[in-house]
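Residues per chain, in single letters:
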Amino acid sequence: MEVIHSYTLQEKLQILADGAKYDVACTSSGVDRNGKKGELGNSRACGICHSFSSDGRCISLLKVLMTNHCIYDCKYCVNRVKNDIPRAAFTPQELCELTMEFYRRNYIEGLFLSSGIYKNPTYTMMLMVTTLKMLREEYHFRGYIHVKAVPGAPDDVLNLAGHYADRMSINLELPTEESMKKIAPNKSFSTILRPMDQMTRNIQDHRAWLGQNPLFERSYGNRYLPNNIFSKGAKKIGLQEILGISDQSKGQKKEELLSYQAKASSVHSSDFPKAGLSSQMIIGASDETDYHLIRTSQFLYQNYDLRRVFYSAYIPINDDPALPSKEMAPPLKREHRLYQADFLMRYYGFQAGELLTESNPFFHEVFDPKCDWAIRNMEQFPVEVQTAPYDLLLRVPGIGPKSAKRIVQSRKYGKLDFTHLKKMGVVLKRAHFFLLCNGKQMYHIPVEENFVRANMLSMDTKRIVEKGPSYRQLSLFDDFGIQREGVV
């Protein structure tokens, strides 16, 4: 279907903003950029789409498609070529003016730009790059820009997009090649992973240009744990292995790093997506298990240095034999569990193989992944608060990175008890099953799986019931069924 050019700007905005709502973009900007005289806007690293900054402001993005016309037939997508829907497209000039006017009115603090594939990937990506270039160079816009890369576009065009954008996304959408052939026949893993690899190298070049170590930032692990803290027997597949220098001596590594920095010295400091890469996977459109999904996420974090992998619950919008029934409810609970597991892998040092296995491929419906892991590994508990290492404290349900750090710092100056832990932010109703303070439990209870599981299950079930609807507006016409003696 050809793009219709007769729509007004407001009609285009309505069509193309609605078409972009399935792309997830709730991530921190990751970029600090001050305002500059003669130019418009700035960016703060704390800015988050559809959330709140540290000073209480609501941060939002203009989230639109360049066009919803698409030559691909991805069966899960509302914009697939076979769907009979209104089609529209912005010109670069229109999108720039829309962004600037919304920014001046304080409606938005940045732009999120995606697109269907119009004509071919190269043509589509060039339209998006032209828009970004106009915003930065002609309109002097210094706000936050997040752009979706189009797989199949040439490397030089993707590099230009990375030059002007703060963050880039390259959506994997489906976790296996088999499901991609079945549901998104026009896409392939090679065309998606190739630009990821290119952007990863650009980020490495920039680190080397700044004199930093390009070989590891957060390709796996997290900002809280030291780089050497990983689970026993777990293998870290990092950028060192991609560069082929993981088994070399320290002297050889140093020489390799110096040569890498020399190679990157000619790279301009802004020739990369400054806030890093992210990706997205659809949950429930294919029959992959949670285990498949988190294994794929771990692979992306380890090999492509992604900042985030987003999980989007599949919303049935198309009728197709390869898709679930339109009567199926979106798997929101499953999406929530995957986000919890993703945080455990990025911030708590967990590996995908610890959280799930092939014989246990789905997350528990009641217990969050951390609680479920702790209950299944009761032989590691209880842990002594006074001596337990930081990485083990992080694995205790009810203890997060901040409270674990407070425990490690505070125990240097004296003995801790459960009152101290509560003041530090530890959730004792969960943590007390797994902790000892000076060799004593909070309550005298057996530390064994069945007992802990039964008690935590009753606690969580009660919480779920309490959150359910228990009140409603009364009406004079309600029949309360009150029976008294002699009165019905």
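Preceding block: the structure.
Here is a short report on the structure shown in this document.

Its 18 residues place the ends of helix α3 (residues 121–138) 25 Å apart at the C-alpha level, agreeing with the 26 Å of an ideal helix rising 1.5 Å per residue. Taken as a whole, α3 has its buried residues at P121, T124, M125, M128, V129, T131, L132, M134, L135 and R136. Sitting at the head of α3, N120 places a side-chain oxygen 3.2 Å from the backbone nitrogen of T122. H140 occupies a position one or two residues after α3 and carries a positive phi of about 55°.

Counting residues in hydrophobic clusters, the biggest one holds 114 residues, and the most contacted among them are M125, L421 and F434. Apart from residues no more than four positions distant in its own chain, M125 is found in contact with V147, K148, A149, V150, A153, V157, L158 and A161.

Taken as a whole and assessed by the stated rule, the structure comprises nine aromatic pairs. An aromatic cluster of at least three residues, connected via ring pairs, comprises F350, W373, F381, F433 and F434.

Here six strands make up an open sheet; going across it, the order is β3-β4-β5-β6-β7-β8 and the pairing parallel. Either end of the sheet is taken by a strand with one partner, and the two such strands are β3 (62–65) and β8 (308–313). Sheet twist, expressed as the average angle between the axes of neighbouring strands with direction ignored, equals 20°. Note: β3 against strand β4 (residues 110–114), four bridges, orientation parallel. What sits directly across from V64, in β4, is L113. Helix-sheet contacts for helix α2 (residues 92–104) involve β3 and β4, and the interaxial angle to β3 is about 165°.

Turning next to the side chain of E173. With respect to the element layout, E173 can be found in the loop between β6 (167–169) and α5 (177–183). Although E173 is buried, it forms no salt bridge, and the closest oppositely charged side chain is K187 at an N-O distance of 4.4 Å. Residue contacts for E173: discarding those within four places in its chain leaves Y76, K187, Q280, M281 and I282.

With that settled, the discussion passes to the pattern of salt bridges. Think of it this way: side chains of opposite charge can pair up when their charged atoms draw near. Summed over the entire model, instances satisfying the criterion amount to 16 salt bridges. E101 is paired through a salt bridge with R105; the nearest N and O atoms lie 2.6 Å apart. Classification of E101 by relative accessible area gives partly exposed; the value is 35%. A relative accessible area of 46% places R105 in the partly exposed class. Its salt-bridge partner being R136, residue D166 comes within 3.1 Å of it at the nearest N-O pair. Of the two residues, D166 sits in the loop between α4 (155–164) and β6 while R136 sits in helix α3, which places them 30 residues apart along the sequence. Neither residue differs from the other here; D166 and R136 are each classed as buried. Each of D73, K75, R80, K82 and D320 takes part in one network of salt bridges that share partners.

Parameters at a glance
- Residues numbered from 1 in each chain as written.
- Predicted model: local features only at pLDDT ≥ 70, side-chain atom pairs only at ≥ 80, totals over all residues.
- Heavy atoms only, no water.
- Helix = DSSP H or I, 4+ residues; strand = E, 2+ residues; numbered from the N terminus.
- Expected span 1.5 Å × (residues − 1).
- Buried < 20%, exposed > 50% of the residue type's maximum accessible area, 1.4 Å probe, protein only.
- Polar contact = N/O pair within 3.5 Å; in protein donor to acceptor, adjacent residues only side chain to side chain.
- Core = buried A, V, L, I, M, F, W, Y, C linked by side-chain atoms within 4.5 Å.
- Contact = heavy atoms within 4.5 Å.
- Phe/Tyr/Trp six-rings, centres within 6.5 Å; stacked < 30°, edge-to-face > 60°.
- Pairing = 2+ DSSP bridges.
- Axes fitted to C-alpha atoms, helices over the stretch in contact; angles between N-to-C directions.
- Lys, Arg positive; Asp, Glu negative; His and termini not counted.
- Salt bridge = Lys/Arg side-chain N within 4 Å of Asp/Glu carboxyl O.

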